[in-house]
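Listed here are the chains, written in short residue letters.
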Amino acid sequence: MVLRTPVDTDIYAALDERAGEIFRRIVESYLERGEPLGSRNLSRILPISLSPASVRNVMADLEALGLIYSPHVSAGRLPTQMGLRFFVDAFMRVGGVSDEDKASIERHVHRPGHGQSVETMMTEASSMLSGVSRGAGIVITTKSDSVLKHVEFIRLEPTKALVVLVGEHDQVENRIIDLPAGTTNSQLTEAANFLNAHLAGNTILEARTKLDRLRQTVRQELDQLSQDLVERGLAVWSGGNDASNPTRLIVRGRANLLEGLAGAEDVDRLRMLFDDLEKKDSLIELLDLAETGPGVRIFIGSENKLFSLSGSSLIVAPYRDGEERIVGAVGVIGPTRLNYSRIVPMVDYTAQLMSQLSR
């Protein structure tokens, strides 16, 4: 399901069949090749017989409506941002996902198996969306309050260990932590055994509450270093030190956005986009954009205040847990020249799969 903005009825009424066909050809040519389309070439590909002079007259009318513009004198025409918006809402046909594309999505987006983490699934989904769009694939997730099933500490080097945490649905989280100086292998085992014996079967919030009640027991059963390991293990499960805002973003395919840059101005806009993606506030704003409706949202250029300076387009859809709460979003960020009609249903299908896997 695509959430479209209302079509401008005045503009729609101003277009007869001939003007609509010329406008559609200009936009489709831009989305396919990224180049202006001139009146001579247009007159050759139109299904109706129309001279280049007549085509130029129609193009002038379309330009007056703000739907197209000429990037250079005597050049062909390109769609404006308003023209792209109008095309998406009034002309673009969004079909279903082909069997081939469904199979490709399902190969990448599936429930993590043994030894695989939820983050691996998210990375796979992001990479897949990047590959089909030639833009940057994004997956955003909030940290769900999963139930702890098993914890293990594996020493990697004298001052670092891998914490392996398994949830109730066999989702696996792996994180590297710094070890307190002097930590022994027996203390790693002791801390893991304590967590598994006392806190398994609890959510992270319940585990923290229970740990507060067990303070005296902890002091009796564990030495100071092992106590510290227990705290670090819980901190890893809850998403680190920023537990108050435990949102994660995975982006794959940033290099795709470097293709076709025309000059320093384009590079500067792209740098702004990358800077925006690194900001924690951006993740919350992306989720807010996705939450405004149940389907796929399309934001073109400056319509998306988050990436307006970079002139990027965003296609985004939310995914939900078993209680229909929005727990994340999937999407594609790229230039305004995205293949919207193909990408939109793929983002929608990916979000549906992510919802199934979040239940």
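S.K.: What's the story with helix α5 (residues 81-90) in this structure? I'm lost.
M.R.: Helical periodicity: at 3.6 residues per turn, an α-helix aligns residues three or four positions apart in one direction. Most of α5 sits inside the fold, with seven of its ten residues counted as buried. Along α5, the positions that sit buried rather than exposed are Gly83, Leu84, Arg85, Phe86, Phe87, Val88 and Asp89. On its buried face, α5 is in contact with α1 (9-14), α2 (17-33), β3 (78-79), β9 (296-299) and α14 (340-357).

S.K.: How should the pairing of strand β6 (residues 160-167) be read in this particular structure?
M.R.: A regular strand carries its side chains on alternate faces of the sheet. Burial of β6 is extensive: six of the eight residues sit out of reach of the surface. Two elements, strand β5 (residues 148-157) and β6, share eight bridges in a ladder whose sense is antiparallel. Each bridged residue has a counterpart across the sheet, and for Ile154 the counterpart in β6 is Leu162. Where β5 folds back on β6, the antiparallel hairpin that results is connected by two residues. In the sheet, β6 pairs with strand β7 (residues 172-178) via seven bridges, with the strands oriented antiparallel. Each residue of the ladder has a partner; that of Leu165, found in β7, is Glu173.

S.K.: Can you walk me through α14 in this structure?
M.R.: Taking 1.5 Å of rise per residue, 18 residues should cover 26 Å, and α14 covers 25 Å from first to last C-alpha, within 8% of that figure. Burial within α14 is extensive, with 14 of its 18 residues counted as buried.

S.K.: How do you make sense of the packing of α2 against helix α4 (residues 52-64) when you look at a structure like this?
M.R.: Each pair of packed helices gets described by two things: the angle between the helix axes and the distance between those axes. Running from N to C, α2 and α4 cross one another at 80°; their axes reach a closest spacing of 10 Å. When the axis of α2 is compared with that of α4, the two are roughly perpendicular. Contacts between α2 and α4 involve Arg18, Ala19, Ile22, Phe23 and Ile26 from the former and Val55, Val58, Met59 and Leu62 from the latter. Split into classes, the residues belonging to the contact of α2 with α4 amount to eight nonpolar, no polar and one charged.

S.K.: Explain the side chain of Ser43 here, please?
M.R.: With respect to the helices, strands and loops of the structure, Ser43 is situated in helix α3 (residues 39-45). Look at Ser43 and you get buried, because its relative accessible area is 15%. When neighbours within four sequence positions are excluded, Ser43 is seen to be in contact with Leu50, Ser51, Pro52 and Val55.

S.K.: Would you mind showing me how to read the pattern of salt bridges here?
M.R.: Two side chains carrying opposite charge are able to pair once their charged atoms lie near each other. For the coordinates displayed, the defined rule picks out eight salt bridges. Between Arg24 and Glu28 there is a salt bridge; the shortest N-O distance is 2.9 Å. Of this pair, Arg24 and Glu28 are both found in helix α2, four residues apart, which corresponds to roughly one turn of the helix. Here Arg24 falls in the buried class, since its relative accessible area comes to 18%. By relative accessible area, which is 33% here, Glu28 ends up partly exposed. Across the pair Glu32 and Arg33 runs a salt bridge, and its minimum N-O distance is 3.6 Å.

S.K.: Looking at this structure, how should I read the packing of helix α6 (residues 99-108) against α14?
M.R.: Interhelical geometry of α6 versus α14 gives an angle of 45° and a closest axis separation of 11 Å. Between α6 and α14, the angle falls in the class oblique. Viewed along their axes, α6 and α14 form a crossing whose handedness is right-handed. Between α6, through Asp101, Lys102, Ile105 and Glu106, and α14, the contact on the second element is made entirely by Arg342, Met346, Tyr349, Thr350 and Leu353. Considering only residue class, the contact of α6 with α14 consists of four nonpolar, one polar and four charged.

Criteria and cut-off values
Residues numbered from 1 in each chain as written. Predicted model: local features only at pLDDT ≥ 70, side-chain atom pairs only at ≥ 80, totals over all residues. Heavy atoms only, no water. Buried < 20%, exposed > 50% of the residue type's maximum accessible area, 1.4 Å probe, protein only. Helix = DSSP H or I, 4+ residues; strand = E, 2+ residues; numbered from the N terminus. Contact = heavy atoms within 4.5 Å. Pairing = 2+ DSSP bridges. Expected span 1.5 Å × (residues − 1). Axes fitted to C-alpha atoms, helices over the stretch in contact; angles between N-to-C directions. Parallel < 35°, antiparallel > 145°, perpendicular 65-115°, else oblique. Nonpolar A, V, L, I, M, F, W, Y, C, P; charged D, E, K, R; others polar. Salt bridge = Lys/Arg side-chain N within 4 Å of Asp/Glu carboxyl O. Left-handed = near helix turned anticlockwise from the far one by under 90°.

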